[in-house]
Amino acid sequence: MARKLKTIGRGSAAAWSSAALEHGAVPWLLGVALATAGPHFAHLPWWLSLLVGGTLLWRAWLWQRRRPLPPRWALALLVVGSIAAIAWQFRTLLGKDAGVALLVVFMALKPMEMSSRRDALVVVMLGYFLLLTHYLYSQSIPTGAWLLAAIGLLTGALIRLHGGPQPVAAVLRHAGLLLAQALPFMLILYLLFPRVSGPLWGLPQDAYSGLSGLSDEMSPGSISGLIVSGAIAFRSRFAGEAPEKADLYWRGPVFDEYDGQTWRARALPASATGQPPVVEGIGEPLAYSSILEAHNQRWLLALDVATLLPPESTLAPTLQALAREPLRVRARFSFASAIAYRANVNEAPAILQQALALPDGINPRTRALAREWAARPPEKIAEAALAMFRNEDFYYTLQPPLLGANAMDEFLFSTRRGFCEHYASAFVFLMRAARVPARVVAGYQGGEVNPVDGYLVVRQSDAHAWAEIWLSGQGWVRFDPTAAVAPSRIERGIVAALPLGEPLPILVRLDSDWLRQLRNRWEAANNSWNQWVLGYNPQRQREVLSRLGWRDPDWRSMSASLAVLCGIALLVVTLWTLPRRLAVDPVQRAWLKYCAELKRRGIARADWEGPLAFAQRVARERPDLAALTDEAAGYYAELRYARGDGRDHQLRCLQQCVRRLPPRRRKRS
């Protein structure tokens, strides 16, 4: 008997999957295809987006007009042509972009041959898999919300396939209930499942190709190109009150090599410096933590100058904080810094020599001016340069004229229009020409406190360049020639320094209070999302578990707790859902009671046997009960599967069928 039931079960499953797809289920599946493939249109080639969109529209038109699907040979040609076009576009069929493009094409073409329930299940399963690929491109809150809605739609499509025609609201309510039951397991796995260090949603060959920020080179236009971006570079939160904006200099790369056009950061070997950098802070250090966006460089953008570094980082001879490896994922670091300090009072000769080097044969007028100042003390030379910038007709702009081979001469004596990199470069060239050790420092200056979460937000538009000169007995001292030309840039930010009409991102130029508040709330929400969802790494996991009273968690105790909590959650969900499944409605109760009475009369209904099929068998085996059973089965089928009025009357009629059954036959002795 058990073997027979298994055979029947396999036969029923095969019959279900090979059955023709119901006409009303097709829109659900087309919605699944559009919801899972549509967001990829933003980064797919335009022709591929048109192909996918046109194919789905074609399938919807065929469904609406009840037209036959295209022949298999036509679909085969379309598949081969699409694969060849993708291979031509991406020069490969492997990798992230080409692989996602193939999946999107398959999702669009599969509905064109979708005629059975098995084909429909393939579309749904492909949709679940395709959802994962969206995190390869975006991990933002809108992406997460869209994918959650798409999962609900996919689950609803499965319910519609198995449950048959039913109201859309009922399907979506059922899908939402299933997702709600999965929520406890999701939270438990989120808290306790071992975390993976590194970029989970990126491939090694292309995970870091889109990162932006400061470079290890600086030429005219390199920093001003960052200014037009409103993207966030990092966020910082101070243990106490944040310093004044004019004191917020965040040190990045230090440029000490110049070829006449480009400044470069030259890494001197440790043997050339002879000793580690020595920083003497003046006053109490400032403690703070920073959340840095990935920029694929080693510098950690500490407040100038760091006196306490995070683990696995060092202070370079040029005083910037450096990580062991390039920063390729968003990360959190803790620092202590001094705003007033004396750094490297006893500097290595190799560094001082490098800070005097200039290429020969360029900028003769600038060199001549520096020679006029050379007899003065170094501090007076620096003051003379700043006075020139402050008192003469120099202008601060993001759109300066192009400079030629003698860039410093043209800038100082002709164009006099430039951005921070122009002023810092000219200042350092003048200092070196006057035999004062000097170098260019790039980084960020300023920032804006978000009142929603208390983080100071530093954007790419806050990118800045300034200068340092080495003074005997004082070490390296910061000089910012931009502050002499446009002091509002340092005191109030980039917007206050630039005239109207200069290219700046809308997020930076916001004047409306409510728009600024909206931006602050959105960025605070993104910060929480980045820290607690995307940035929930092993370190953050240990911090959370420690706050919950779990000291020194390891993988063994976490695995055991994971199993126990999942078991408890399963038990709770089972206890919640089991009474609902055991509860039988009046219609089902009346029908089961009628079938039980027939069983006492020698006719047992199989569990898989429907009401109409059972009535037909009763007519063959017990003709005397055929009419009454047919009537009861009809009432039950109407109540269970049809809509209409008079349901209470039909239920009473079904219940009366039980009472109208003739007495059971007594066995003859």
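Residues numbered from 1 in each chain as written. Predicted model: local features only at pLDDT ≥ 70, side-chain atom pairs only at ≥ 80, totals over all residues. Heavy atoms only, no water.

1. Things to note about a nonpolar patch on the surface
Stage number 1. On the surface, Val 564, Leu 565, Ile 568 and Val 572 cluster together into a nonpolar patch covering about 340 Å² of accessible area.
Stage number 2. Positionally, Ile 568 belongs in helix H21 (residues 555–582).
Stage number 3. Classification of Ile 568 by relative accessible area gives partly exposed; the value is 45%. (Patch = residues over 30% accessible without salt bridge, like charges linked within 9 Å, V, L, I, M, F, W, Y side chains within 5 Å. Areas by Shrake-Rupley, 256 points an atom, 1.4 Å probe, with all protein chains shown as cover. Salt bridge = Lys/Arg side-chain N within 4 Å of Asp/Glu carboxyl O. Helix = DSSP H or I, 4+ residues; strand = E, 2+ residues; numbered from the N terminus. Buried < 20%, exposed > 50% of the residue type's maximum accessible area, 1.4 Å probe, protein only.)

2. Focus on the sheet that holds strand S11 (residues 331–337)
Stage number 1. Taken together, the 6 strands give an open sheet; going across it, the order is S8-S11-S7-S2-S17-S16, and neighbouring strands pair in antiparallel fashion. Because the sheet does not close on itself, it has two edges, and the strands there are strand S8 (306–308) and strand S16 (448–449).
Stage number 2. Across 2 bridges, the pairing between S8 and S11 is antiparallel. By the bridge assignment, Leu 308 is partnered in S11 with Ala 336.
Stage number 3. Most of the contacts of helix H19 (residues 513–534) go to strand S2 (residues 232–238), to which it runs at about 85°, and overall it touches S2, strand S7 (286–292), S11, S16 and strand S17 (456–459). (Pairing = 2+ DSSP bridges. Contact = heavy atoms within 4.5 Å. Axes fitted to C-alpha atoms, helices over the stretch in contact; angles between N-to-C directions.)

3. What about the pairing of S11?
Where a strand is regular, its side chains alternate between the two sheet faces.
Stage number 1. Within S11, 5 of the 7 residues are buried, which leaves it mostly tucked inside the rest of the structure.
Stage number 2. As paired elements, S7 and S11 share 7 bridges and run antiparallel to each other. By the bridge assignment, Ala 287 is partnered in S11 with Ala 336.

4. So, the sheet that holds strand S5 (residues 263–264)
Stage number 1. Overall, antiparallel pairing links the 3 strands, which are arranged S1-S5-S4 in an open sheet. The open sheet has two edge strands with one neighbour each: strand S1 (217–218) and strand S4 (257–258).
Stage number 2. For S4 and S5, the ladder comprises 2 bridges, and the chain directions are antiparallel. Its bridge partner being in S5, Glu 257 is matched across the sheet by Arg 264.

5. So, unusual backbone geometry
Stage number 1. Following Asp 304, the chain continues into Val 305 via a peptide bond in cis, with omega recorded as -5°.
Stage number 2. For Glu 312, which is not a glycine, the phi torsion comes out positive at approximately 60°.
Stage number 3. Inspection of the secondary structure assignment puts Glu 312 in the loop between S8 and strand S9 (313–315).
Stage number 4. Phi angles above zero are rare outside glycine, and Leu 319 is one such case at about 75°.

6. Examining helix H7 (residues 141–163)
Stage number 1. The end-to-end C-alpha separation of H7 is 33 Å, in line with the 33 Å expected for 23 residues at 1.5 Å each.
Stage number 2. When we look at burial in H7, the residues that qualify are Thr 143, Gly 144, Leu 147, Ala 150, Gly 152, Leu 154, Thr 155, Gly 156, Ala 157, Ile 159, Arg 160 and Leu 161.
Stage number 3. One or two positions beyond H7, positive phi appears at Gly 164, with a value near 80°. (Expected span 1.5 Å × (residues − 1).)

7. Focus on the nonpolar core
Stage number 1. Among the nonpolar cores identified, the biggest contains 76 residues, and Trp 250, Phe 389, Phe 427, Leu 430, Met 431, Tyr 444 and Ile 469 are the most heavily contacted of them.
Stage number 2. Top element by residues in this core is helix H15 (residues 420–433). It accounts for 10 residues.
Stage number 3. Leave out the neighbours within four places in its chain, and Phe 427 touches Ala 382, Ala 385, Leu 386, Phe 389, Ala 467, Ile 469, Phe 479 and Pro 481.
Stage number 4. Leu 56, Leu 126, Leu 131 and Leu 147 belong to the second-largest nonpolar core, a separate cluster that totals 43 residues. (Core = buried A, V, L, I, M, F, W, Y, C linked by side-chain atoms within 4.5 Å.)

8. A short note on the pairing of strand S18 (residues 463–471)
Stage number 1. Across the 9 residues of S18, 9 count as buried, placing the element largely inside the fold.
Stage number 2. The pairing of strand S15 (residues 438–445) with S18 spans 7 bridges and is classified as antiparallel. Within S18, the position partnered with Arg 439 by the bridge is Glu 468.
Stage number 3. Summarising the sheet, S18 and strand S19 (residues 475–479) pair through 5 bridges and their orientation is antiparallel. Bridging across to S19, Ala 467 finds its partner in Phe 479.
Stage number 4. Hairpin geometry of S18 and S19 is characterised by an intervening segment of 3 residues between the two adjacent antiparallel strands and by a positive phi of about 85° at Gly 473.

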